[in-house]
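A closer look at the structure
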Amino acid sequence: MPPSGWFRRRSGDGAGAGPASPDLPDGLMTKCLNARCDKILFNRDLDKNLRVCQYCGYHFRLTAYERIAMLTDAESFVEWDSTLRAADPLEFPRYQESLDRYRGSTGLDDAAVTGGASVAGIPVALGITDARFMMGSMNSVVGERLTRAAERAVDERTPLLLVSGTGGGARMHEGILSLMQMPKTTAALGRLSRAGLLYVSLLTDPSMAGVFASWASIGDVILAEPGAMVGFAGDRVAKQGGGGGRKPTDYQTSEFQFQHGMVDAVVPRKELRATLERVLRWAS
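First, a word on scope: everything that follows refers to the structure included in this document. (Residues numbered from 1 in each chain as written. Predicted model: local features only at pLDDT ≥ 70, side-chain atom pairs only at ≥ 80, totals over all residues. Heavy atoms only, no water.)

**Things to note about the packing of helix 2 (residues 64-71) against helix 10 (residues 269-283)**
Rule in force here: Axis lines are fitted to C-alpha atoms, over the contacting stretch for helices. Their N-to-C directions set the angle, which ranges from 0 to 180 degrees. The way it works is that DSSP assigns letters per residue, a run of H or I at least four long becomes a helix, a run of E at least two long becomes a strand, and they are numbered from the N terminus. By definition in this entry, angles of less than 35 degrees are roughly parallel, angles greater than 145 are roughly antiparallel, angles of 65 to 115 are roughly perpendicular, and the rest are oblique. Contacts between residues were defined by any pair of non-hydrogen atoms, one from each residue, lying within 4.5 Å. Basically, the charged four are Asp, Glu, Lys and Arg, the nonpolar ten are Ala, Val, Leu, Ile, Met, Phe, Trp, Tyr, Cys and Pro, and anything else, Gly included, counts as polar.
At a closest axis distance of 10 Å, the pairing of helix 2 and helix 10 adopts a crossing angle of 60°. In terms of orientation, helix 2 and helix 10 fall into the oblique class. Between helix 2 and helix 10, the contacting residues are R67, M70 and L71 on the first element and R269, L272 and R273 on the second. In terms of residue class, the contact of helix 2 with helix 10 is built from three nonpolar, no polar and three charged.

**Examining the packing of helix 4 (residues 140-156) against helix 6 (residues 181-194)**
Here helix 4 crosses helix 6 at 5°, and the two axes come no closer than 9 Å. By the criterion of interaxial angle, the relationship of helix 4 to helix 6 is roughly parallel. Contacts between helix 4 and helix 6 pair S140, G143, E144, L146, T147, A150, E151, A153 and V154 from the former with Q181, K184, T185, A188, L189, R191 and L192 from the latter. Each residue belonging to the contact of helix 4 with helix 6 can be placed in one class, and the counts come to seven nonpolar, five polar and four charged.

**Some words on empty space enclosed by the protein**
The line we're drawing: Cavities and pockets were defined on a 1 Å grid built from protein atoms only: a cavity is a group of points that admits a 1.4 Å probe but offers it no way out, a pocket is an open group of points flanked by protein on both sides within 12 Å along at least five of seven lines, and a lining residue is one with an atom within 4 Å of any such point. Grid points are joined across faces, edges and corners, and a volume is the space filled by probe spheres set on the points.
Enumeration according to the criterion identifies one cavity of 30 Å³ or more in this entry. Considering only enclosed or pocket space, the largest cavity measures out at about 40 Å³ in volume. Looking at the largest cavity, the residues that line it are L146, T147, A150, L160, L162, T185, A188, L189 and W215. Those elements giving two or more residues to the lining of the largest cavity turn out to be helix 4, strand 6 (160-166) and helix 6. Counted by class, the lining of the largest cavity contains seven nonpolar, two polar and no charged residues.

Right, dumping it as C-alpha coordinates:
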(Lines give C-alpha, C1' and ligand atoms only; values in the text may rest on other atoms or scores of the structure.)
Protein backbone atom coordinates (compact mmCIF):
# COMPACT_ATOMS: atom_id res chain seq x y z
CA MET A 1 0.00 0.00 0.00
CA PRO A 2 1.34 3.49 -0.80
CA PRO A 3 2.46 5.49 2.24
CA SER A 4 0.23 8.16 3.73
CA GLY A 5 0.50 11.35 1.74
CA TRP A 6 0.55 9.52 -1.63
CA PHE A 7 -2.60 11.43 -2.62
CA ARG A 8 -1.97 15.04 -3.59
CA ARG A 9 -5.14 17.07 -3.63
CA ARG A 10 -5.64 19.59 -6.42
CA SER A 11 -8.21 22.32 -6.67
CA GLY A 12 -11.09 21.55 -8.99
CA ASP A 13 -10.86 17.73 -8.77
CA GLY A 14 -14.06 17.38 -6.77
CA ALA A 15 -12.23 15.88 -3.81
CA GLY A 16 -13.52 18.17 -1.08
CA ALA A 17 -17.06 18.92 -0.01
CA GLY A 18 -16.28 22.40 1.23
CA PRO A 19 -16.44 23.71 4.79
CA ALA A 20 -19.06 22.26 7.12
CA SER A 21 -19.20 25.52 9.08
CA PRO A 22 -17.55 28.96 8.99
CA ASP A 23 -15.02 27.70 11.57
CA LEU A 24 -13.74 24.80 9.43
CA PRO A 25 -11.19 25.25 6.64
CA ASP A 26 -12.11 24.36 3.07
CA GLY A 27 -11.20 20.83 1.95
CA LEU A 28 -11.24 19.33 5.45
CA MET A 29 -14.10 16.89 4.88
CA THR A 30 -15.86 15.05 2.06
CA LYS A 31 -19.39 13.63 1.96
CA CYS A 32 -19.64 10.01 0.87
CA LEU A 33 -21.22 9.84 -2.57
CA ASN A 34 -23.09 6.64 -1.75
CA ALA A 35 -26.65 7.84 -1.14
CA ARG A 36 -27.23 4.95 1.29
CA CYS A 37 -24.26 6.06 3.38
CA ASP A 38 -24.03 9.85 3.20
CA LYS A 39 -21.40 9.97 5.96
CA ILE A 40 -19.10 12.97 6.36
CA LEU A 41 -15.46 11.83 6.05
CA PHE A 42 -12.26 13.55 7.09
CA ASN A 43 -10.12 13.87 3.98
CA ARG A 44 -7.03 12.88 5.96
CA ASP A 45 -8.62 9.53 6.86
CA LEU A 46 -10.09 9.12 3.39
CA ASP A 47 -6.69 9.59 1.77
CA LYS A 48 -5.08 7.06 4.12
CA ASN A 49 -7.80 4.61 3.10
CA LEU A 50 -6.98 5.09 -0.62
CA ARG A 51 -10.10 7.19 -1.16
CA VAL A 52 -12.45 4.42 -0.02
CA CYS A 53 -15.22 5.19 2.49
CA GLN A 54 -14.44 3.39 5.73
CA TYR A 55 -18.15 3.01 6.51
CA CYS A 56 -19.68 1.60 3.34
CA GLY A 57 -16.69 0.78 1.09
CA TYR A 58 -17.65 3.28 -1.60
CA HIS A 59 -14.71 3.73 -3.99
CA PHE A 60 -14.18 7.36 -4.95
CA ARG A 61 -12.75 8.01 -8.40
CA LEU A 62 -9.01 8.53 -8.67
CA THR A 63 -7.06 10.59 -11.17
CA ALA A 64 -4.64 8.99 -13.62
CA TYR A 65 -1.59 10.04 -11.62
CA GLU A 66 -3.13 8.83 -8.36
CA ARG A 67 -3.60 5.45 -10.02
CA ILE A 68 0.05 5.47 -11.05
CA ALA A 69 1.16 6.28 -7.49
CA MET A 70 -1.04 3.53 -6.10
CA LEU A 71 -0.20 0.71 -8.52
CA THR A 72 3.43 1.19 -9.57
CA ASP A 73 6.80 1.24 -7.86
CA ALA A 74 7.84 4.65 -6.56
CA GLU A 75 9.47 6.90 -9.18
CA SER A 76 9.39 4.14 -11.80
CA PHE A 77 6.87 5.78 -14.14
CA VAL A 78 8.15 7.44 -17.32
CA GLU A 79 5.46 9.10 -19.43
CA TRP A 80 5.18 8.45 -23.17
CA ASP A 81 3.72 10.49 -26.05
CA SER A 82 2.81 13.48 -23.91
CA THR A 83 3.27 15.85 -26.87
CA LEU A 84 0.35 14.45 -28.88
CA ARG A 85 -2.45 17.00 -29.29
CA ALA A 86 -6.03 16.65 -30.50
CA ALA A 87 -6.96 17.94 -33.93
CA ASP A 88 -10.27 19.59 -34.77
CA PRO A 89 -11.10 18.05 -38.18
CA LEU A 90 -14.78 19.01 -38.05
CA GLU A 91 -14.14 22.50 -36.68
CA PHE A 92 -16.64 21.53 -34.03
CA PRO A 93 -18.08 24.61 -32.29
CA ARG A 94 -16.12 25.52 -29.14
CA TYR A 95 -14.17 22.23 -29.15
CA GLN A 96 -10.82 23.96 -28.80
CA GLU A 97 -12.20 26.10 -25.99
CA SER A 98 -13.39 22.93 -24.21
CA LEU A 99 -9.98 21.30 -24.61
CA ASP A 100 -8.25 24.35 -23.19
CA ARG A 101 -10.66 24.47 -20.26
CA TYR A 102 -10.13 20.80 -19.36
CA ARG A 103 -6.38 21.11 -19.75
CA GLY A 104 -6.43 23.96 -17.28
CA SER A 105 -8.70 22.28 -14.74
CA THR A 106 -7.08 18.81 -14.80
CA GLY A 107 -3.44 19.46 -15.66
CA LEU A 108 -3.76 16.80 -18.39
CA ASP A 109 -3.21 17.25 -22.14
CA ASP A 110 -6.00 14.77 -22.93
CA ALA A 111 -7.98 11.96 -21.34
CA ALA A 112 -5.27 9.26 -21.44
CA VAL A 113 -1.89 9.00 -19.75
CA THR A 114 0.55 6.30 -20.92
CA GLY A 115 4.05 5.30 -19.99
CA GLY A 116 6.43 2.67 -18.74
CA ALA A 117 6.70 1.65 -15.09
CA SER A 118 7.37 -1.31 -12.87
CA VAL A 119 5.18 -3.22 -10.44
CA ALA A 120 7.12 -5.13 -7.78
CA GLY A 121 10.13 -4.80 -10.04
CA ILE A 122 8.34 -6.20 -13.11
CA PRO A 123 8.40 -3.80 -16.10
CA VAL A 124 4.98 -2.98 -17.57
CA ALA A 125 3.53 -0.75 -20.24
CA LEU A 126 0.72 1.30 -18.72
CA GLY A 127 -2.26 3.29 -19.99
CA ILE A 128 -4.95 5.03 -17.93
CA THR A 129 -8.00 7.04 -18.96
CA ASP A 130 -9.12 9.82 -16.62
CA ALA A 131 -12.82 10.68 -16.28
CA ARG A 132 -12.05 14.28 -15.32
CA PHE A 133 -11.09 15.10 -18.91
CA MET A 134 -14.30 15.11 -20.97
CA MET A 135 -15.45 11.99 -19.06
CA GLY A 136 -12.41 10.10 -20.39
CA SER A 137 -13.93 9.94 -23.88
CA MET A 138 -11.87 8.41 -26.70
CA ASN A 139 -10.57 10.63 -29.46
CA SER A 140 -7.61 10.44 -31.83
CA VAL A 141 -5.10 11.21 -29.06
CA VAL A 142 -6.51 8.73 -26.54
CA GLY A 143 -6.66 5.93 -29.10
CA GLU A 144 -3.20 6.71 -30.45
CA ARG A 145 -1.60 6.78 -27.00
CA LEU A 146 -3.17 3.45 -25.99
CA THR A 147 -2.25 1.90 -29.34
CA ARG A 148 1.35 3.06 -29.03
CA ALA A 149 1.50 1.68 -25.48
CA ALA A 150 0.41 -1.74 -26.77
CA GLU A 151 2.92 -1.58 -29.62
CA ARG A 152 5.71 -0.59 -27.25
CA ALA A 153 4.81 -3.51 -25.00
CA VAL A 154 5.32 -5.78 -28.01
CA ASP A 155 8.65 -4.15 -28.88
CA GLU A 156 9.94 -4.35 -25.31
CA ARG A 157 8.33 -7.73 -24.47
CA THR A 158 6.51 -6.45 -21.39
CA PRO A 159 2.99 -7.02 -20.06
CA LEU A 160 0.40 -4.30 -20.71
CA LEU A 161 -1.89 -2.81 -18.06
CA LEU A 162 -4.75 -0.57 -19.18
CA VAL A 163 -6.99 1.11 -16.61
CA SER A 164 -10.39 2.30 -17.77
CA GLY A 165 -11.94 5.41 -16.28
CA THR A 166 -14.13 6.32 -19.24
CA GLY A 167 -17.84 7.06 -19.26
CA GLY A 168 -18.06 9.09 -22.43
CA GLY A 169 -17.44 6.56 -25.19
CA ALA A 170 -16.20 8.01 -28.48
CA ARG A 171 -15.81 11.80 -28.44
CA MET A 172 -18.33 13.17 -30.93
CA HIS A 173 -16.26 16.31 -31.53
CA GLU A 174 -13.89 14.40 -33.83
CA GLY A 175 -16.53 12.29 -35.57
CA ILE A 176 -15.33 9.15 -37.33
CA LEU A 177 -11.77 9.67 -36.08
CA SER A 178 -13.02 8.99 -32.57
CA LEU A 179 -15.02 5.92 -33.62
CA MET A 180 -11.98 4.54 -35.44
CA GLN A 181 -10.14 4.26 -32.13
CA MET A 182 -12.27 1.26 -31.14
CA PRO A 183 -11.01 -1.05 -33.92
CA LYS A 184 -7.53 0.53 -33.86
CA THR A 185 -6.93 -0.22 -30.17
CA THR A 186 -8.51 -3.66 -30.54
CA ALA A 187 -6.22 -4.50 -33.48
CA ALA A 188 -3.17 -3.39 -31.48
CA LEU A 189 -4.22 -5.67 -28.63
CA GLY A 190 -4.64 -8.50 -31.13
CA ARG A 191 -1.00 -8.05 -32.16
CA LEU A 192 -0.01 -8.07 -28.49
CA SER A 193 -1.88 -11.35 -27.99
CA ARG A 194 -0.22 -12.94 -31.02
CA ALA A 195 3.14 -11.95 -29.57
CA GLY A 196 2.27 -14.06 -26.51
CA LEU A 197 2.22 -11.14 -24.06
CA LEU A 198 -0.11 -10.54 -21.14
CA TYR A 199 -2.78 -7.83 -21.21
CA VAL A 200 -4.46 -6.93 -17.91
CA SER A 201 -7.54 -4.71 -18.02
CA LEU A 202 -8.63 -2.90 -14.86
CA LEU A 203 -12.17 -1.53 -14.92
CA THR A 204 -12.86 1.39 -12.60
CA ASP A 205 -15.80 3.73 -12.28
CA PRO A 206 -16.91 4.43 -14.98
CA SER A 207 -16.08 1.91 -17.73
CA MET A 208 -18.79 2.42 -20.31
CA ALA A 209 -19.76 2.71 -23.98
CA GLY A 210 -17.11 2.43 -26.71
CA VAL A 211 -14.31 1.68 -24.26
CA PHE A 212 -16.19 -1.31 -22.83
CA ALA A 213 -17.08 -2.32 -26.39
CA SER A 214 -13.40 -2.40 -27.38
CA TRP A 215 -10.16 -2.49 -25.40
CA ALA A 216 -11.52 -2.57 -21.84
CA SER A 217 -13.38 -5.88 -22.19
CA ILE A 218 -10.81 -8.03 -24.01
CA GLY A 219 -8.05 -8.41 -21.43
CA ASP A 220 -6.45 -11.77 -20.74
CA VAL A 221 -7.26 -10.94 -17.13
CA ILE A 222 -10.05 -8.47 -16.37
CA LEU A 223 -10.20 -6.97 -12.88
CA ALA A 224 -12.75 -4.47 -11.60
CA GLU A 225 -13.15 -2.28 -8.54
CA PRO A 226 -16.26 -2.81 -6.37
CA GLY A 227 -19.34 -0.85 -7.36
CA ALA A 228 -17.86 0.48 -10.59
CA MET A 229 -20.29 1.38 -13.37
CA VAL A 230 -19.44 -1.11 -16.13
CA GLY A 231 -21.43 -1.64 -19.31
CA PHE A 232 -22.31 -0.27 -22.72
CA ALA A 233 -25.34 2.04 -22.67
CA GLY A 234 -26.30 3.81 -19.44
CA ASP A 235 -29.90 4.14 -18.32
CA ARG A 236 -30.52 7.49 -20.05
CA VAL A 237 -29.17 6.25 -23.38
CA ALA A 238 -31.04 2.93 -23.07
CA LYS A 239 -34.32 4.71 -22.41
CA GLN A 240 -33.82 6.96 -25.44
CA GLY A 241 -33.34 3.82 -27.53
CA GLY A 242 -36.48 2.17 -26.18
CA GLY A 243 -34.65 -0.22 -23.88
CA GLY A 244 -35.73 1.12 -20.53
CA GLY A 245 -37.41 -1.95 -19.05
CA ARG A 246 -37.07 -3.36 -15.55
CA LYS A 247 -33.46 -4.14 -14.63
CA PRO A 248 -31.73 -5.74 -11.65
CA THR A 249 -30.69 -3.28 -8.96
CA ASP A 250 -27.00 -4.01 -9.60
CA TYR A 251 -27.35 -3.84 -13.39
CA GLN A 252 -24.21 -2.57 -15.16
CA THR A 253 -22.00 -2.76 -12.10
CA SER A 254 -18.74 -4.64 -11.75
CA GLU A 255 -20.52 -7.19 -9.53
CA PHE A 256 -23.20 -7.80 -12.19
CA GLN A 257 -20.53 -8.26 -14.88
CA PHE A 258 -18.62 -10.68 -12.62
CA GLN A 259 -21.75 -12.77 -12.03
CA HIS A 260 -22.29 -12.98 -15.79
CA GLY A 261 -18.74 -13.91 -16.73
CA MET A 262 -17.51 -10.61 -18.14
CA VAL A 263 -15.06 -9.91 -15.29
CA ASP A 264 -12.56 -12.33 -13.73
CA ALA A 265 -12.49 -10.76 -10.27
CA VAL A 266 -13.88 -7.80 -8.34
CA VAL A 267 -10.97 -6.57 -6.24
CA PRO A 268 -11.15 -3.97 -3.45
CA ARG A 269 -8.72 -1.11 -3.95
CA LYS A 270 -6.54 -2.09 -0.98
CA GLU A 271 -5.95 -5.49 -2.61
CA LEU A 272 -5.41 -4.28 -6.19
CA ARG A 273 -1.64 -3.93 -6.14
CA ALA A 274 -1.07 -7.30 -4.46
CA THR A 275 -3.48 -8.93 -6.93
CA LEU A 276 -1.74 -7.30 -9.86
CA GLU A 277 1.63 -8.49 -8.57
CA ARG A 278 0.36 -12.09 -8.40
CA VAL A 279 -1.01 -11.91 -11.94
CA LEU A 280 2.23 -10.47 -13.33
CA ARG A 281 4.41 -13.02 -11.53
CA TRP A 282 2.18 -15.84 -12.72
CA ALA A 283 2.63 -14.70 -16.31
CA SER A 284 6.36 -13.91 -16.13
